[in-house]
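# Chains, contacts and geometry: an overview
Spelled out from the first residue to the last, the chains are:
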Amino acid sequence: MKRLPPLTAKLLRDLWRLRAQALAIALVMAAGVGMAVMSFGMIRSLEATRADYYARYVLADLWVPLRRAPDSTARDLRQIPGVAGVESRIGSAAMLDIAGIAEPVTARLHSLPVSTNQLVLRSGRLPRRDAPDEVVASESFVRAARLELGSTLPALVHGKRITLRLVGTALSPEYVYAVAPGQIFPDNRRFGVLWMAREPLAAALDLRDGFNEALVRLAPGADRAEAIRRIDLATAQYGATGAFGRDMMVSDRFVSSEIDQLRTTVEILPPVFLGVAAFLLNILLARLVDTEREVIGLLKAFGYRSGAIVAHYAQLALLLSLGGVLAGWGLGTWMGRGIAELYQEYFSFPFLTFIAGLDIYLGAAGLALLAVLAGAAGSVWRAQRLTPAEAMRPPAPAHFSAHGLTGRLVPLLPDEPSRMILRGLARRPLRSLASIAGLAAALALYVASASSTDNVDKMIELTFDRGQRADLSIAFAEPRDAHALHELAALPGVQRIEPWRGVSADLSNGPRQQREALLGLPAGAQLMRLVTLDDEVIEPGPNGAIVSSQLARKLALKPGDSIAVRVTEGERVRFTLPVARVVDVPLGAALVVERGLLNRLLREGDVASGAYVMADAAGRDALFARLKQVPMVAGVSVASAALRGIRETIGQSMGIVTLFNTIFAMLIVAGVTYTSARISLSERARDLASMRVLGYRKAEAGFVLLGEQALLALAALPLGLALGIALSRYIAASFSSDLFLIPSAVSTRTLGEGVLVVALAAAATAWLIRRSADRLDLVRALKTRE
């Protein structure tokens with residue numbers, strides 16, 4: 001049998017001897033590679049699925065809401081340059097009375113699509129043209145409301161009571177993320193989308209031979225801004241509120257926001273894991289080179305060139321990391337498929353397959369290779385610089401001078417084992433600092449991940465406990481005068497009412513433009529207040545506007561500037577609003593003024609678009625029953641139901657993320673502690689054996705070894721907590737979007753749990769090291785050359 005070359009045989013022996021440390025490094029590296037594969041693959045999968053879904057089911061490029069337009073208007077719109085197709089449809093808000101749900105259920109009714117925004121039928125069938133009561137509903141709503149095919153749905157549509165019958169369930173590219181108007185989190189139990197034949201819906205809305213919304217498809221390369229301008233001009237006489245594109249569609253904006261959050265994740269987590277893996281590889285190879293100085297000298301004396309020595313240790317570094325790369329590929333694929341299943345439910349995609357691609361796997365391996373090179377470069381360079389004569393000599397002994405801080409601290413310690421611990425840490429300051437940094441990174445990762453729940457709790461506190469204190473938010477089908485408020489006040493259980501006025505408007509500051517809702521709140525409002533991230537309550541004044549920081553950035557606004565406002569409904573009045581304050585609010589309208597001021601600017605009387613209501617808990621069911629029968633009410637949002645929906649949605653996703661990152665944090669702690677302790681054990685084997693021979697017990701000898709790791713862990717705690725808080729703030733700021741701001745709030749419980757996670761992982765690793773120390777071969781260790 002042919003013998004292996006000496007360096008190859010040595011390489012295999014080293015791999016087997018270092019298998020435990022190799023496993024620790026591989027686990028940490030696998031986490032980094034897996035996160036890179038999962039994040040990059042998920043970004044690609046979401047983008048590809050969205051594009052394919054939109055193209056396959058012909059999602060519109062523009063939406064044109066109208067009050068009422070004749071059918072001939074659609075033909076006119078098709079003549080506009082850049083317009084490839086126009087489909088008219090009829091839509092309306094509706095309220096449903098669902099058995100088993102006390103609150104009024106808000107719904108959006110659409111006429112069945114013909115060629116644009118096509119449906120994906122999931123069960124049952126589409127409504128027949130000769131059956132005016134048949135509807136299909138969004139699948140998530142049917143499932144959450146526990147409806148069955150054949151269920152009857154009493155509905156209030158445009159002041160008319162009709163009974164609908166469910167004949168099918170469907171998905172729509174228009175409602176990948178379906179939320180009720182004014183909400184940002186889905187409540188599938190209390191909001192649904194329904195589609196029915198056009199003729200019966202037109203009859204209910206008095207829209208025969210007309211429509212109230214146009215869906216526009218643009219030709220490739222068309223100037224979207226010019227097309228919108230021409231469409232707005234052509235539809236202004238029909239009460240159009242202004243055409244808008246996919247970028248203003250709430251569903252698409254949330255998918256884009258999720259993709260941006262994945263990009264933020266891949267910027268943070270993989271570098272942490274791969275950086276720790278590089279550190280572990282560095283200290284392992286550094287120790288190996290130190291212990292193999294004589295071997296390196298002999299190899300060079302026998303004619304091996306420096307290049308062969310460099311290649312040997314480089315191959316060892318790559319092989320030590322190869323298992324981590326392969327495991328990371330598998331871990332990333334497994335996590336990606338699991339996350340894809342969650343996204344398919346969360347975003348109501350008909351299909352979503354995790355697609356990473358060869359380039360992503362190779363890119364993740366490339367990142368791992370960079371970490372390997374960074375970790376191995378110093379040790380490999382030192383190995384090739386050693387001359388045979390220098391390598392054959394033992395290294396110079398460590399310098400234990402009595403001078404300096406260490407020299408002054410050592411005599412103060414009560415016993416020799418404690419002094420040995422301090423000397424050992426001081427002898428290897430860079431390694432000690434790197435170990436502290438690795439443990440701190442693990443703690444920071446856990447704190448930043450687990451604090452996501454704290455951030456959401458803070459958002460809920462600011463939004464619902466401090467800001468939106470109303471029990472119900474009611475939207476009218478049409479703006480109403482003060483008489484409607486008296487009718488609401490007479491309903492059972494109503495304790496307090498505060499009206500609000502809302503209009504859609506085009507806002508501009510110089511060349512910058514943005515379409516947003518303009519909200520008018522009453523002076524001294526108590527049921528709906530603006531509460532900033534700093535917990536400051538802001539009340540709109542009589543002459544200026546309160547502007548959210550997101551809108552202020554888009555329009556380059558600051559206090560004292562003026563906003564040009566063009567209302568896109570009603571008389572389409574124009575006016576200028578001075579900016580009173582720019583504030584950071586977690587949720588809510590981007591532009592708020594005092595309601596009386598808005599009524600005057602709109603040239604109207606005491607008109608409201610809806611009302612915030614405080615209701616007696618005992619009479620709430622009776623109030624819900626009455627609201628389902630009130631023709632002027634188009635929608636009802638119940639604060640307690642919305643809050644439950646937020647907690648359920650966030651709780652599920654945050655729980656999974658926190659679990660993953662807890663496991664990853666423990667892997668980092670275990671990897672850093674185990675590798676550092678194993679190297680320390682190999683360095684201190686002679687010292688520990690000498691202590692045992694001199695009469696020290698196993699526990700006392702083990703104290704020297706594990707005491708170092710305990711001190712390193714304790715030193716890492718304050719740094720890790722500080723880094724975790726800073727990382728949590730960075731993630732909160734990065735995950736915020738123009739739809740919401742996430743406050744940063746790290747609770748003491750989260751900090752305590754982080755310390756406990758690090759302590760448990762370190763303790764479990766220490767137990768393994770202690771077993772190895774207790775089984776130390778004293779004779780062999782004492783024969784080891786210093």
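Since we're looking at a predicted model, the values are computed, not measured.

The rules behind these values
Residues numbered from 1 in each chain as written. Predicted model: local features only at pLDDT ≥ 70, side-chain atom pairs only at ≥ 80, totals over all residues. Heavy atoms only, no water. Helix = DSSP H or I, 4+ residues; strand = E, 2+ residues; numbered from the N terminus. Buried < 20%, exposed > 50% of the residue type's maximum accessible area, 1.4 Å probe, protein only. Contact = heavy atoms within 4.5 Å. Areas by Shrake-Rupley, 256 points an atom, 1.4 Å probe, with all protein chains shown as cover. Arc of directions from axis to C-beta. Axes fitted to C-alpha atoms, helices over the stretch in contact; angles between N-to-C directions. Parallel < 35°, antiparallel > 145°, perpendicular 65-115°, else oblique. Left-handed = near helix turned anticlockwise from the far one by under 90°. Nonpolar A, V, L, I, M, F, W, Y, C, P; charged D, E, K, R; others polar. Phe/Tyr/Trp six-rings, centres within 6.5 Å; stacked < 30°, edge-to-face > 60°. Pairing = 2+ DSSP bridges. Salt bridge = Lys/Arg side-chain N within 4 Å of Asp/Glu carboxyl O. Patch = residues over 30% accessible without salt bridge, like charges linked within 9 Å, V, L, I, M, F, W, Y side chains within 5 Å. pLDDT = per-residue confidence, 0-100.

Per the secondary structure count, the protein chain includes 22 helices and 22 strands. Each of the 786 residues in the protein chain was classed as buried or not, and the buried ones make up 53%. Counting only contacts in the protein chain whose residues sit at least 6 apart along the sequence, the fraction spanning at least 24 positions is 83%. On the protein chain, roughly 34,700 Å² of surface is accessible, and the fraction owed to carbon and sulfur atoms is 58%.

Turning to helix 15 (residues 482-489), its buried residues number three or more, namely Ala484, Leu485 and Leu488. For helix 15, the buried positions fall inside an angular range of 100 degrees around the axis, keeping them on one side. Against strand 12 (472-480), strand 13 (494-509), strand 21 (608-615) and helix 18 (620-627) lie the buried residues of helix 15.

With their axes 8 Å apart at the nearest point, helix 2 (residues 19-56) and helix 7 (residues 250-291) run at an angle of 160 degrees to one another. Considered as vectors, helix 2 and helix 7 are oriented roughly antiparallel to each other. Every pair of crossing elements has a handedness; the one defined by helix 2 and helix 7 is left-handed. For the contact of helix 2 with helix 7, the class distribution of residues is 25 nonpolar, 5 polar and 5 charged.

This brings us to the packing of aromatic side chains. In the structure shown here, the tally under the stated rule is 13 aromatic pairs. Judged by centre distance (6.0 Å) and plane angle (10 degrees), the ring pair of Trp63 and Phe244 falls under stacked. In this pair, Trp63 is assigned in strand 1 (residues 62-70) and Phe244 in strand 11 (residues 244-245), connecting sequence segments 181 residues apart. Judged by its relative accessible area of 2%, Trp63 falls in the buried class. A residue is classified by how much of its surface remains accessible, and Phe244, at 22% relative accessible area, is partly exposed. Taken together, a centroid distance of 6.4 Å and an interplanar angle of 75 degrees make the contact between Tyr175 and Trp195 edge-to-face. Note that Tyr175 is positioned in the loop between strand 8 (160-171) and strand 9 (191-196) and Trp195 in strand 9, a separation of 20 residues in sequence.

Bringing unusual backbone geometry into the picture now. In this model, Asn117 sits at a positive phi of 55 degrees, which is unusual for a non-glycine residue. Here Asn117 falls in the buried class, since its relative accessible area comes to 2%.

Quick look at the pairing of strand 7 (residues 152-157) now. Pairing of strand 3 (residues 91-96) with strand 7 involves 3 bridges; the strand directions are antiparallel. Bridging from a neighbouring strand, Ala94 pairs with Val157 of strand 7. Looking at chain direction, strand 7 and strand 8 are connected through 6 bridges and run antiparallel. Its bridge partner lying in strand 8, Pro154 is registered against Thr163. Counting the residues that bridge the hairpin from strand 7 to strand 8 gives 2 residues, and of these His158 lies at a positive phi of roughly 55 degrees.

Within helix 18, the full set of buried residues consists of Arg620, Leu623, Phe624 and Leu627. Projected onto a plane normal to the axis of helix 18, the buried residues spread over an arc of 100 degrees and lie on a single side. Buried residues in helix 18 make contact with strand 3, strand 12, helix 15, strand 13, strand 21 and strand 22 (633-638).

Overall, the coordinates contain 37 salt bridges when judged by the stated rule. Taking the shortest distance from any N to any O, the salt bridge between Asp187 and Arg190 comes out at 3.2 Å. Since its relative accessible area comes to 17%, Asp187 is described here as buried. A salt bridge links Asp535 to Arg466; its shortest N-O distance comes to 2.8 Å. With a gap of 69 residues between them, Asp535 in the loop between strand 15 (530-531) and strand 16 (537-538) and Arg466 in helix 14 (residues 429-467) connect regions that are remote in the sequence.

On the surface, Phe40, Leu318, Leu367, Leu369, Leu370 and Leu373 cluster together into a nonpolar patch covering about 530 Å² of accessible area. If one sorts the elements of the nonpolar patch by residue count, helix 10 (residues 358-385) sits on top with 4 residues. Mapped onto the elements of the fold, Leu318 is located in helix 9 (residues 306-346).

What follows is about the confidence of the model for the protein chain. Taken residue by residue, the protein chain gives an average pLDDT of 83. The fraction at 70 or more is 89%. Averaged pLDDT values over the elements of the protein chain bottom out at 52 in helix 12 (residues 404-409) and peak at 95 in strand 6 (residues 134-138).

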